[in-house]
Amino acid sequence: MRKTTLAAAAGLTAILFSGTAMAGKDLDTIKARGNLICGVGQGTAGFMMADSQGKWVGLDVDVCRAVSAALFGDSEKVKYVPLSSQQRFTALQSGEVDMLSNNTTQTLTRDTALGLDFTAITYYDGQGFLVPKKLNVKSAKELNGATVCVAPGTTTELNLADYFRANKMTFKPVVIEKVDEVRAAFFSGRCDVYTNDSSSLYATRAANPPPPLKPEDFIVLPEIISKEPLAPAVRHGDNQFADIVRWSQYAMLEAEEYGITSKNVDEMLKSENPTIKRILGVTPGMGKALGVDEKWVYNIVKQVGNYGESFDRNVGSGSVLKIDRGLNKLWTKGGLQYAPPIR
Ligand SMILES: N[C@@H](CCC(=O)N[C@@H](CS)C(=O)NCC(=O)O)C(=O)O
């Protein structure tokens, strides 16, 4: 009896570690369906937004597209589901979406009690405060007694309370779930301050002031009061799917580090550099290990671009937001973006 169990266990171990990735049930469902269902936000310029043709674009959207390119060889096999901060975790837990790629912060309780797995950090962010210039406030320390617009079910709401308490100040929260309503409340003067991840504040200032208000009428205060490592999330339980999401992100970073872009990727297929050959599947093996096509990185880079291209196009120098790379520079340039090797 004992012997049989041990033999069975050994057999199972052999299957699990046979070197080929095994599909879990989430991955099986996605493959059978033929598309990826990505939970995104309700609309934030540069990060996740439906354009005038209804096509979703943005830095977070590009992660969904990269995963789709790795899985299907086509970055457009994605259905986007806009979710509020309140709805997002239930939507993922219930299977309404396969993954979240919005502005979700990785925290201990979300990783454990909520049954999620975070993949890799797409954007190192921090919470800030947006105020009208005419209030003449220069620092968050001057916000005692302010009315503050904030979304529910967010780290933002918790950090806000901690920050005011720690600084012995009071505030009046105006808690609104829908992002366009919270912005409208702020722009109409119902709140003195809007607090969110600073990336979202830059997006809001650049894209949302209703005329005659202009971006220059608002400032983001210098204080960054929290760490907001934003990362895609999947449900616990399908490690291979989590690996595919994680390594699709790393592939975009590795491509940037090795100078592989959407423009030169065909040329790079001829590279003699062993690392580039392995990344692009010219030397096979990485695709098999991950359980996807050997051209997975080629497809991601060709169709979506590397991380730097995505950053510049959506939120950086090539966009209206003009956000500095800051902490999101590659580690080789003094930033925090660092992908483990594809080998
Ligand atoms: N990173 C924070 C905040 C995330 C969040 O969803 N904030 C809302 C506040 S309105 C937002 O910016 N949503 C933008 C959108 O839905 O497009 C968290 O994970 O709790």
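Residues numbered from 1 in each chain as written. Predicted model: local features only at pLDDT ≥ 70, side-chain atom pairs only at ≥ 80, totals over all residues.

Considering the confidence of the model for the protein chain
So, step 1. Considering every residue of the protein chain, the mean pLDDT works out to 94; 93% of them sit at 70 or more.
So, step 2. In this model residues 1-20 is a low-confidence stretch, pLDDT under 50, and it forms 3 contacts with partners more than four residues away in sequence or in other chains. (pLDDT = per-residue confidence, 0-100. Contact = placed C-beta atoms within 7 Å.)

Some words on the packing of helix α3 (residues 59-72) against helix α13 (residues 296-303)
So, step 1. Running from N to C, α3 and α13 cross one another at 140°; their axes reach a closest spacing of 8 Å. Judged by the inter-axis angle, α3 sits oblique to α13. Crossing of α3 over α13 shows right-handed handedness. Judged by residue contacts, R65, A66, A69 and A70 of α3 engage W296, N299, I300 and Q303 from α13.
So, step 2. Of the residues assigned to the contact of α3 with α13, the class counts are 5 nonpolar, 2 polar and 1 charged. (Axes fitted to C-alpha atoms, helices over the stretch in contact; angles between N-to-C directions. Helix = DSSP H or I, 4+ residues; strand = E, 2+ residues; numbered from the N terminus. Parallel < 35°, antiparallel > 145°, perpendicular 65-115°, else oblique. Left-handed = near helix turned anticlockwise from the far one by under 90°. Nonpolar A, V, L, I, M, F, W, Y, C, P; charged D, E, K, R; others polar.)

Things to note about the nonpolar core
So, step 1. Counting 92 residues, the largest nonpolar core has V67, A70, C149, V193, I244, V297 and I300 as the members making the most contacts within it.
So, step 2. Top element by residues in this core is helix α9 (residues 239-257). It accounts for 10 residues.
So, step 3. Counting only domains with at least three residues in this core, you end up with domain 1 (23-124 + 230-321) and domain 2 (127-226).
So, step 4. Those residues in contact with V297 that lie beyond four places of it in its chain are A251, A255, I279, L280 and G281. (Core = buried A, V, L, I, M, F, W, Y, C linked by C-beta atoms within 7 Å. Buried ≥ 20, exposed ≤ 12 C-beta atoms within 10 Å, placed from the backbone. Domains from an automatic or database assignment.)

Considering the pairing of strand β10 (residues 171-175)
For a regular strand, side chains alternate in direction, first toward one face of the sheet and then toward the other.
So, step 1. Bridging between strand β9 (residues 146-150) and β10 involves 5 bridges; their strand directions are parallel. By the bridge assignment, V150 is partnered in β10 with V175.
So, step 2. Tracing the backbone out of β9, into helix α6 (residues 155-166) and back to the parallel element β10 gives a crossover that is right-handed. (Pairing = 2+ DSSP bridges. Right-handed = clockwise from strand over helix to strand, strands pointing away.)

Focus: the domain arrangement of the protein chain
So, step 1. Split by domain assignment, the protein chain resolves into domain 1 (23-124 + 230-321) and domain 2 (127-226).
So, step 2. Of note, the centres of domain 1 and domain 2, computed from C-alpha atoms alone, are 30 Å apart.
So, step 3. Contact residues are listed per partner, giving 16 residues for domain 1 and 15 residues for domain 2.
So, step 4. A class-by-class count of the residues in the side of domain 1 that touches domain 2 yields 5 nonpolar, 11 polar and no charged.

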